[in-house]
Amino acid sequence: MSDYEMMDKEEIYSKVLRAGRRTYFFDVRATKAGDYYLTVTESKKFTNDDGSFHYKKHKIYLYKEDFTEFKEILIEMTDYIINEKGQEVISERHQKDFKREDDFVTQEAKTPEDTKTTDSFTDISFDDI
């Protein structure tokens, strides 16, 4: 039996999530004893200087005895991130060609909300403006 047939036989149920350069594979697999477990594989595409590409893969294994706690922590962590940072994706700031909107704003035009330090906050009312 080939490796492909072995792998195909081992996978019971699968889902794929494509997310930009990353693809996530969720696979239910069977142990030798016939029990099920989950593998989550992140595959990330990298382009080489010559235009060819390669993938880097990272895999985690989740077993039934860890599902409840894992799920609770995952929900807690994802809720925390959304509550703290909202739904907006800000990772584009790390791309080479990213230009922050406030790069084009003069320092005088910044508001206290833009500075993000409590030292520079001033209490004003709209009547003062």
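An unreviewed UniProt entry annotates the protein chain as DNA-binding protein originating from Winogradskyella thalassocola.

J.: Hey, could you run me through a nonpolar patch on the surface in this one?
T.: On the surface, Ile12, Tyr13 and Tyr36 cluster together to form a nonpolar patch covering roughly 330 Å² of accessible area. Its place among the elements puts Tyr13 in strand E1 (residues 11-19).

J.: Sorry, what's going on with the environment of His58 here?
T.: For His58, the position within the fold is in strand E4 (residues 53-63). Not counting residues within four places of it along the chain, the set of residues in contact with His58 comprises Val40, Thr41 and Glu42.

J.: For this particular structure, what's the right way to read the pattern of salt bridges?
T.: A side chain of one charge can pair with a side chain of the opposite charge if their charged atoms are brought near each other. In this structure the tally under the stated criterion is 3 salt bridges. With a closest N to O distance of 3.9 Å, Asp27 and Arg29 form a salt bridge. When the shortest N-O distance is used, the salt bridge between Asp35 and Lys64 registers 2.7 Å. Taken together, the positions of Asp35 in the loop between strand E2 (22-30) and strand E3 (36-47) and Lys64 in helix H2 (residues 64-85) put the pair 29 residues apart, joining distant regions of the chain. Accessibility expressed as a relative area gives 46% for Lys64, which makes it partly exposed.

J.: Looking at this structure, how should I read the sheet that holds E4?
T.: Backbone-to-backbone hydrogen bonds pair the strands of a sheet. The strands run either parallel or antiparallel. Strand order in the open sheet made by the 4 strands is E1-E2-E3-E4, with antiparallel pairing throughout. Here the strands that pair on one side only, and so sit at the sheet edges, are E1 and E4. Strand-to-strand, the axes of this sheet are offset by a mean angle of 20 degrees, without reference to chain direction. Sheet topology places E3 next to E4; 11 bridges connect them, and they run antiparallel. Residue pairing across strands places Thr41 opposite Lys59, the latter belonging to E4. In the packing of H2 onto the sheet, the strands contacted are E3 and E4, and the crossing angle to E4 comes to about 100 degrees.

Conventions used here
- Residues numbered from 1 in each chain as written.
- Predicted model: local features only at pLDDT ≥ 70, side-chain atom pairs only at ≥ 80, totals over all residues.
- Heavy atoms only, no water.
- Patch = residues over 30% accessible without salt bridge, like charges linked within 9 Å, V, L, I, M, F, W, Y side chains within 5 Å.
- Areas by Shrake-Rupley, 256 points an atom, 1.4 Å probe, with all protein chains shown as cover.
- Salt bridge = Lys/Arg side-chain N within 4 Å of Asp/Glu carboxyl O.
- Helix = DSSP H or I, 4+ residues; strand = E, 2+ residues; numbered from the N terminus.
- Contact = heavy atoms within 4.5 Å.
- Buried < 20%, exposed > 50% of the residue type's maximum accessible area, 1.4 Å probe, protein only.
- Pairing = 2+ DSSP bridges.
- Axes fitted to C-alpha atoms, helices over the stretch in contact; angles between N-to-C directions.

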